[in-house]
Amino acid sequence: EAAEKGGYDHFMLKEIYEQPKAIKDTISPRVTKDGKIKLDDVSLTKEDIDKFNKVYVVACGTAYHAGLISKTLIERYLNIPVVVDIASEFRYGEPLIDENTLMIVVSQSGETADTLAALKLAKEKGARVLAVTNVVGSSISREADDVLYTWAGPEIAVASTKAHTTQLVLLALVSLYMAEKKGTISKEKYDEIIKEIVELPRKAQSILDNTDLIEEITEKIYKNEHVFYIGRGMDYDVSREASLKLKEISYAHSEALPAGELKHGTLALIEDGTPVIATITQSKTYEKALSNIKEVKARGAYVIAVTQEEHKEIEKYVDSVLYIPDVIDELTSVLAVIPLQLLAYYVAVNRGCSIDKPRNLAKSVTVE
Ligand code: G6P
């Protein structure tokens, strides 16, 4: 097993460090030299795409968080409403699905029982199903109409890392691909985002090359039993994933909140030294999120911000900053989650937890 870990203490750490390559392997076969997306493995025609008037994205756990982030991109570029649902909720609800619905299921293993059942239900109702999965030949890949693989390679640690970031880039490619076919995205925007997508592996690597500060911050927060994550829009989605990571492997209680919602209850829990981890990357909501940071700071919170290098002024308002390289707003989630995966990892190391196999959890959940 030590050999399989390639010199890392845990599979989770190894897989975090594999992300630049996993992202590159997922992108490279799908972006041509002249910057066009080609999804040879998908049979969706322009006619199919024009027909869709609604998209459902359904998944569990970390894959669900990737789905949440894709909603913003799909709605923005395709101009159609997206519903993101948890598979175990979706299948017992009354989803409004028909032959004009595109259903995207996201699953690392391709075997999660609830996600598979949701897929079957959507197909029965006539939806077109596209699966995003990491395992070739998995049940979900076999049942779906179309399959796109995240080329992350085998993921061993229960807490998902490289599968998540590859899901994010693949979902971004799918939304751009469909928008281009549908004619709902300008050529400039399309070209700009592709250019940025191609840069992601290098930027992810630069985060991983410099982790001293993350380890240092961990020393300050690892004993806390309650940690809060805040953000707005896609930053809230990143917060949800980061919070799940911490819970899964460190057993600290954590909660993610839309930053603007704090004042409706959770602010009452903030006291001297409570760790609040704020992801603040979106220009549209930057000032508003900064006000929320000031609110928790005024109540004594120990605030760690995750933002792009261009926002240096944030140092005046928080205790620590984890910088990610400058990147277009639509793609910040791919980078912002990486220091937060590492933060969760080092908290769990400090707490002496069983990182690759947390208590009570399984890598692939085939019970309902
Ligand atoms: C389990 C795993 C999670 C994963 C979730 C969904 O709970 O521990 O890491 O996100 O299942 O799994 P899937 O294979 O469908 O992505």
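Quick notes on the rules
Every chain begins its residue count from 1, and numbering advances along the sequence as written. Side-chain atom pairs in this predicted model are given and counted only at pLDDT of 80 or more, local residue features only at pLDDT of at least 70, and totals for whole chains, interfaces and linings cover all residues. UniProt positions are given in the numbering used here, feature names are shortened, and annotations may be inferred rather than shown by experiment. Strands are treated as partners if at least two bridges between them are detected by DSSP. To qualify as a helix, a DSSP run of H or I must reach at least 4 residues; to qualify as a strand, a run of E must reach at least 2; elements of each kind are numbered from the N terminus. In this analysis, axes come from line fits to C-alpha atoms, helices being fitted only over the stretch in contact, and the angle between any two N-to-C directions falls in the range 0 to 180 degrees. Expected span, for any helix, means 1.5 Å times one less than how many residues it has. Residues are called buried when their C-beta atom has 20 or more other C-beta atoms within 10 Å, exposed when it has 12 or fewer, and partly exposed otherwise; all C-beta atoms are positioned from the backbone. For this analysis, nonpolar core means a set of buried Ala, Val, Leu, Ile, Met, Phe, Trp, Tyr and Cys residues linked through C-beta atoms within 7 Å. Any residue pair is listed as a contact if its two C-beta atoms, each placed from the backbone, are within 7 Å.

The protein is annotated in an unreviewed UniProt entry as Glutamine--fructose-6-phosphate aminotransferase [isomerizing] from Thermohalobacter berrensis. Under Catalytic activity (unreviewed entry), UniProt gives the following word-for-word description of the protein: "D-fructose 6-phosphate + L-glutamine = D-glucosamine 6-phosphate + L-glutamate".

Visitor: A description of the sheet that holds strand β6 (residues 226-231) should follow, citing residues and the corresponding values.
Guide: Taking strand neighbours across the sheet as the criterion, the five strands line up as β7-β6-β8-β9-β10 in an open arrangement whose pairing is parallel. If you trace the sheet from one side to the other, it starts and ends with β7 (253-258) and β10 (320-324), each paired once. The sheet shows a mean angle of 20° between the axes of neighbouring strands, direction not considered. Across five bridges, strand β8 (residues 275-279) lies against strand β9 (residues 302-308) in parallel orientation. By the bridge assignment, P275 is partnered in β9 with Y302.

Visitor: Outline helix α11 (residues 234-250), supporting the account with residue identities and numerical values.
Guide: Between its first and last C-alpha atoms α11 spans 24 Å; for 17 residues at 1.5 Å apiece the expected length is 24 Å, and the two agree. Where burial is concerned, most of α11 is hidden: 16 out of the 17 residues are buried. Positive phi shows up at Y251, right after α11, with a value of about 65°.

Visitor: Can you explain the nonpolar core? Please cite residues and give values.
Guide: Of all hydrophobic cores here, the largest spans 127 residues; its most connected members are M103, V105, V169, V303, A305 and Y345. When residues of this core are assigned to their parent elements, the largest contribution, 13 residues, is made by helix α13 (residues 332-350). If near-sequence neighbours (up to four positions away) are discounted, V105 is found in contact with V58, A59, T115, A118, L119, V129, A131, I140 and A144.

Visitor: Tell me about the sheet that holds strand β3 (residues 101-107), and please be specific about residues and values.
Guide: In a beta sheet, neighbouring strands are held together by backbone hydrogen bonds and run either parallel or antiparallel to one another. The sheet built from five strands is open, its strands ordered β2-β1-β3-β4-β5 with parallel pairing. In the strand order of this sheet, the two ends are held by β2 (82-86) and β5 (146-149), each with one partner. Shown here is a sheet whose adjacent strand axes are inclined to one another by a mean of 20°, direction ignored. By the bridge criterion, six bridges tie β3 to strand β4 (residues 128-133) in an arrangement that is parallel. The residue of β4 that forms the bridge with S107 is T133. Against the sheet, helix α6 (residues 113-124) contacts β1 (54-59), β3 and β4, and its axis sits at roughly 165° relative to β3. Its contacts with the sheet put helix α8 (residues 162-182) on β3, β4 and β5, and the angle it makes with β4 is roughly 145°.

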